[in-house]
Amino acid sequence: MALPRMLADTAETEIGCDEVYELLDRYAEMVDRGEDPASLLPLVHQHLERCRDCREELEALLRILKDR
Ligand SMILES: [Zn+2]
């Protein structure tokens, strides 16, 4: 039963694209203001390191913020 247990642990410590997406606005604003989102939103940061879709979404948000 090692595998299901492992998956349960993973679900506790990682968040999915939907949750990242909801926090991405805030994350992008922190980057834009020169704050440290990696320590303020570590789970989002962790997800972005591994998920290319969310990273591209973040880059799009950052471009919008810079254009203002
Ligand atoms: Zn994602």
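Parameters at a glance
Residues numbered from 1 in each chain as written. Predicted model: local features only at pLDDT ≥ 70, side-chain atom pairs only at ≥ 80, totals over all residues. Heavy atoms only, no water. Helix = DSSP H or I, 4+ residues; strand = E, 2+ residues; numbered from the N terminus. Buried < 20%, exposed > 50% of the residue type's maximum accessible area, 1.4 Å probe, protein only. Areas by Shrake-Rupley, 256 points an atom, 1.4 Å probe, with all protein chains shown as cover. Donors = N, O, S within 2.8 Å, 3.2 Å for Na, K, Ca; no water. Tetrahedral: all angles 85-135°; square planar, octahedral: opposite > 155°, others 65-115°. Salt bridge = Lys/Arg side-chain N within 4 Å of Asp/Glu carboxyl O.

Asks: So, the overall build of the chain: which residues are in play, and what are the values?
Replies: Tallying secondary structure elements over the chain gives 5 helices and 0 strands in all. The order of α-helices and β-strands along the chain, N terminus first, is α-α-α-α-α. The buried share of the chain, reckoned over its 68 residues, is 25%. For the chain, the exposed surface amounts to about 5,200 Å²; the carbon and sulfur share of it is 53%.

Asks: Describe in detail the coordination of the zinc ion, supporting the description with residues and values.
Replies: Of the protein atoms, only Cys17 (SG), His47 (NE2), Cys51 (SG) and Cys54 (SG) coordinate the zinc ion, at distances of 2.0 to 2.3 Å. One can describe the donor arrangement at the zinc ion as tetrahedral, given that its 4 donor atoms subtend angles of 104 to 113° at the metal. Read N to C, the donor residues that coordinate the zinc ion are spaced as C-x29-H-x3-C-x2-C. Judged on exposure class, the residue His47 and its partner Cys51 are both buried.

Asks: Please set out the pattern of salt bridges residue by residue, giving values where relevant.
Replies: According to the stated counting rule, one finds 4 salt bridges in the structure shown. Residues Arg33 and Glu35 are paired through a salt bridge, measuring 3.1 Å at the closest nitrogen-oxygen approach. Overall, the relative accessible area of 53% leaves Arg33 in the exposed class. Accessibility expressed as a relative area gives 36% for Glu35, which makes it partly exposed. As a salt-bridge pair, Glu56 and Arg52 come within 3.9 Å of each other at their nearest N and O atoms. Of the two residues, Glu56 and Arg52 both sit in helix H5 (residues 52-67), 4 residues apart, roughly one turn of that helix. Residue classification places Arg52 among the exposed positions, given a relative accessible area of 56%. One connected set of salt bridges, linked through shared partners, spans Glu29, Arg33 and Glu35.

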